[in-house]
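Observations on chain architecture
Here is how the chains run, residue by residue.
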Amino acid sequence: MEYITTDGTRLEVGRVPREKIDNFIASRPPPEPPTKEVEVFGGDKEAMPILDDPGYLADMQRYYIAFGHDQVNLIADAVRGASDEPLAELEELREIGLGDGDEHTAWLRHIALGRDADLGNVVELVLYQSTVTEQGIAEAARTFAVTWMDKPVLSLGLPGSPGRYGAAFEARKAAQFSQYSWPEFAALPGPEQSAVVAFYRLSTRLEWLANQQR
Amino acid sequence: MNTLELKSGRVLHLRPVRQAAIRHLLVQFGRDDLLDAPEKLLQSSGKAQMKALEATERLFTYLAGWGVEDAPPAEDLEILAELGYPADKPHLARANWLRYLLLEDDDEVSDLIAAVMQITLSTAEEPEQAGNGD
């Protein structure tokens, strides 16, 4: 896929191995907020997170800054300049302590993707092509065009469940549902992985809706 | 139009720079609090601002070199060359021109830093169009 940055630089954007993305996310858990004990209904005590704690907010800011910085390392192998990457500007940046390390990654970090909007858009494109994304799921669901009483099935609200699971768990369930081994599933292009998850979501919801009618 | 008027009456034309470099420099020097509130830099005196921000030199060079649109005239580049600042690196030459020939004191240096940071961080909050396609 091609991406043109705010400054007009043309980039070729490919994919990274899904495993690399999963490891990247798993190895960077966000900071936990401090908690305070409060009395809840029935006199029980419950730990409530203090989300506006200044120390926690500062930690979150540092976390997002480090996350943004590291994201460039994650996607660097998947993003190339469509023509030769001009490096004269990088030399100037190096004189003021910017752009250390690998030339290509430094060029991406400080020049081609130095604006947050461009970095965000390119990270999204890499993820879309490499792993399951909500965009990919929505596109597949539109293609499948499954409705229930003339409404798209995924738009129907279902009763909540006390259980919670992460996206990686749902992806594994979806792979199993469509009889893919995990390595086979992870090797699929991102939109294909998303289509498998969309198929799983649609199938399980349809089954649930049908059961309600019996 | 983003501009900054100097004490001399000269008006500099400013443009937003890339956020990644600012962030990198501020984090490197422990002043990431300025990312949320660049006006903090203006809340102290010129001298204190300089002291408070260890990264001032580099930060100034980046913001002035990349965040000012005006180019140094040829005769000023010649003066800089005589002083030992080569003109073959356009961003660094612009920063040197501002630092050594145009800005009068630390207060103007601080004003320029804060002004470019302000327009950069406020621009970053505006939604931008993604320019991607197959």
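Please refer to the structure higher up on the page.
Residues numbered from 1 in each chain as written. Chains lettered and ligands numbered in written order. Predicted model: local features only at pLDDT ≥ 70, side-chain atom pairs only at ≥ 80, totals over all residues.

1. Here's the deal with the overall build of chain A
Secondary structure assignment for chain A yields nine helices and seven strands. For 214 residues, the compact-globule formula gives about 17 Å, and the C-alpha radius of gyration of chain A, at 22 Å, lies well above that figure. In terms of its C-alpha atoms, chain A occupies a principal-axis envelope of roughly 70 × 50 × 30 Å. In chain A, which comprises 214 residues, the proportion classed as buried is 25%. (Helix = DSSP H or I, 4+ residues; strand = E, 2+ residues; numbered from the N terminus. Rg over C-alpha atoms; globule rule 2.2 N^0.38 Å. Buried ≥ 20, exposed ≤ 12 C-beta atoms within 10 Å, placed from the backbone.)

2. Topic: the interface of chain B and chain A
Often the size quoted for an interface is simply the accessible area lost on bringing the parts together. Chain B puts 21 residues into the contact, and the matching count from chain A is 21 residues. For the side of chain B that touches chain A, the elements supplying multiple residues, two or more each, are helix H1 (19-28), helix H4 (56-67), helix H6 (90-102) and strand E3 (132-133) of chain B. A per-element tally of the side of chain B that touches chain A places H1 of chain B first, with six residues. Residue composition of the side of chain B that touches chain A, by class: seven nonpolar, seven polar and seven charged. (Contact = placed C-beta atoms within 7 Å. Nonpolar A, V, L, I, M, F, W, Y, C, P; charged D, E, K, R; others polar.)

3. Details of the nonpolar core
For soluble globular proteins, nonpolar side chains are generally found buried alongside one another. Counting residues in hydrophobic clusters, the biggest one holds 31 residues, and the most contacted among them are Tyr62, Leu63, Leu112, Ile113 and Val116 of chain B. For this core, the elements supplying multiple residues, two or more each, are H1, H4, H6 and helix H7 (106-124) of chain B. Residues contacting tyrosine 62 of chain B, with those up to four places away along its chain left out, are Ile96 of chain A together with Val17, Ala21 and Leu25 of chain B. One finds Val79, Trp107, Leu119 and Leu127 of chain A within the second-largest nonpolar core, a separate group that totals 19 residues. (Core = buried A, V, L, I, M, F, W, Y, C linked by C-beta atoms within 7 Å.)

4. Thoughts on the environment of alanine 112 of chain A
Residues and elements named next belong to chain A. Within the secondary structure, alanine 112 sits in helix H4 (residues 103-112). Classification of alanine 112 by C-beta neighbours within 10 Å gives buried; the count is 25. Between the C-alpha atoms of alanine 112 and glutamate 85, which are 27 residues apart in sequence, the distance is 9.1 Å. Setting aside chain neighbours within four positions, we find alanine 112 in contact with Thr5, Thr9, Leu11, Gly81 and Trp107.

5. Details of the packing of helix H6 (residues 134-144) of chain A against helix H9 (residues 190-213) of chain A
All names here are of chain A. Running from amino to carboxyl end, H6 crosses H9 at an angle of 60°, the nearest separation of the two axes being 8 Å. Judged by the inter-axis angle, H6 sits oblique to H9. For the element pair H6 and H9, the recorded crossing hand is right-handed. Across from Gly136, Ile137, Glu139, Ala140, Ala141 and Phe144 in H6, the residues of H9 making contact are Gly190, Pro191, Ser194, Ala195, Val197, Ala198, Phe199 and Leu202. By residue class, the composition of the contact of H6 with H9 is ten nonpolar, three polar and one charged. (Axes fitted to C-alpha atoms, helices over the stretch in contact; angles between N-to-C directions. Parallel < 35°, antiparallel > 145°, perpendicular 65-115°, else oblique. Left-handed = near helix turned anticlockwise from the far one by under 90°.)

6. Here we look at the pairing of strand E4 (residues 45-49) of chain A
All names here are of chain A. Among the five residues of E4, zero are classified as buried, and the element is accordingly described as predominantly exposed. In terms of strand pairing, strand E3 (residues 35-39) meets E4 through five bridges, oriented antiparallel. Bridging across to E4, threonine 35 finds its partner in proline 49. A loop of five residues connects E3 with E4, the two strands running antiparallel in sequence, and glycine 42 in this loop sits at a positive phi of about 95°. (Pairing = 2+ DSSP bridges.)

7. Focus: unusual backbone geometry
Residues other than glycine predominantly adopt negative phi, and peptide bonds predominantly adopt the trans conformation. All names here are of chain A. The phi dihedral of alanine 145 is positive, around 50°, even though this residue is not glycine. Along the chain, alanine 145 turns up in the loop between H6 and strand E6 (147-148). Among the residues examined, alanine 145 registers 9 C-beta atoms within 10 Å and is labelled exposed. Positive phi is not limited to glycine here, since aspartate 150 has a value of about 65°. In this structure, aspartate 150 sits in the loop between E6 and strand E7 (151-152).

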